[in-house]
Amino acid sequence: MSVLSLPPLELGPGGPPEDDSPLRSVSTAVAVLDCFADEAELGATRVAARLGIAKSTACRMLAALATGGLLERTGSGRYRLGLRLFEYGQLAVDRLMLRDVALPAMGELRELLRETVQLGVVVGTDVLYVERTEAAGMNVRFRSEHRRNPAHSSSTGRVLAAADPALVTAILERGLRRYTPFTVVDPLRYRQILAQTREQGYATSREEFEPGWSSLAAPIALTRSGRPHPVAALSVVGVTSRVLGPRKPAVVQGLRRAAARISADLERARS
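Worth saying up front: this structure is predicted, and the values here are computed from it rather than measured.

Trainee: Before we go on, may I ask you to explain the pairing of strand S7 (residues 213-224) in this structure?
Mentor: In terms of residue burial, S7 counts as a mostly covered element, since nine of its 12 residues are buried. Between the end of strand S6 (residues 203-206) and the start of S7, which pair antiparallel, lie six residues, with Glu-207 showing a positive phi angle near 50°. By the bridge criterion, 12 bridges tie S7 to strand S8 (residues 227-239) in an arrangement that is antiparallel. Residue pairing for S8: Leu-216 is matched across the bridge by Val-236. Between S7 and S8, which follow one another and run antiparallel, lie two residues, and Ser-225 among them has a positive phi close to 55°.

Trainee: Which parts of the structure should I look at to understand the pairing of strand S3 (residues 116-123)?
Mentor: It is a general feature of regular strands that their side chains alternate between the two faces of the sheet. Of all eight residues in S3, seven are buried, a share of seventy percent or more. Judged from the five bridges that link them, S3 and S8 form a sheet pairing that is antiparallel. From the neighbouring strand, Gln-118 faces S8, where its bridge partner is Ser-235. Across seven bridges, the pairing between S3 and strand S4 (residues 126-133) is antiparallel. Its bridge partner lying in S4, Val-117 is registered against Thr-133. What sits between S3 and S4 in their antiparallel hairpin is a turn of two residues, with Gly-124 showing a positive phi close to 65°.

Trainee: Would you mind showing me how to read the side chain of Thr-180 here?
Mentor: Note that Thr-180 resides in the loop between helix H8 (165-174) and helix H9 (187-200). Of the residues examined, Thr-180 reaches a relative accessible area of 4% and is grouped as buried. Discounting chain neighbours no more than four positions away, the residues touching Thr-180 are Glu-207, Glu-208, Phe-209, Glu-210 and Pro-211.

Trainee: Would you mind showing me how to read the nonpolar core here?
Mentor: Most often, soluble globular proteins keep nonpolar side chains buried together rather than apart. Judged by nonpolar contacts, the single largest core of 31 residues is most densely connected at Leu-109, Leu-119, Ile-220, Leu-234 and Val-236. Leu-119 has contacts with Leu-98, Arg-99, Ala-102, Met-106, Leu-128, Tyr-129, Val-130, Glu-131, Ile-220, Ala-232 and Ala-233, leaving out every residue within four places of it along the chain. Ala-31, Leu-33, Leu-51 and Leu-65 belong to the second largest nonpolar core, which has 20 residues in total.

Reading the values: the criteria
- Residues numbered from 1 in each chain as written.
- Predicted model: local features only at pLDDT ≥ 70, side-chain atom pairs only at ≥ 80, totals over all residues.
- Heavy atoms only, no water.
- Buried < 20%, exposed > 50% of the residue type's maximum accessible area, 1.4 Å probe, protein only.
- Helix = DSSP H or I, 4+ residues; strand = E, 2+ residues; numbered from the N terminus.
- Pairing = 2+ DSSP bridges.
- Contact = heavy atoms within 4.5 Å.
- Core = buried A, V, L, I, M, F, W, Y, C linked by side-chain atoms within 4.5 Å.

This is the structure in structure tokens:
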């Protein structure tokens, strides 16, 4: 299920009527947003064809939704879902009990490793951390204002992109911006890292967003059509020498166990 969970609209054979009544405008906006449940990026021509409305109407609606933050415009001139839509959609996340299900395992992992543990999802081409638990008594902490980071430089973004070719395409189209001397900005190297992530089942980011800080992430998945589909990621972030030094095998083991536990608990909560 996409972040957008909307009931099907009954538009009739000609799509939404072309009038300017407030209710009709809302109906058209919902219909436009619903198009993005099946396709990551769309332009006005495609939206107009799918809904049976004039291209000018589609253009106006897409622009209005982008102005409101529900959509964002890509470099190609098309549109994709925006951050504000995700924020509104947190009610759906809450109903899935993602935070409630994840918090016990996150707390145990934090106490086991004495490192910051994060729960993240992808929004557009960024990672949004919807929950974070920090170990008590840590003298140095990851900067807590970092709630949204670029997906290409984060372990969470990598572990989710490794299972989502459309996300990889969007990330590469946006461009791999360098944040530190260690940020991977070569597309070929980025794809190689994603292949390695798929093979090993977890992702690593070594000081690619903030010097001195590194992270590891493992996917949280739900079963769809008989196969696990990552919907979020659990990550551990800390001083590089602590998370990627001699303790790395223990960090990876604890992280993967916690992510598997959350996945299983989320499946039970959904059923």
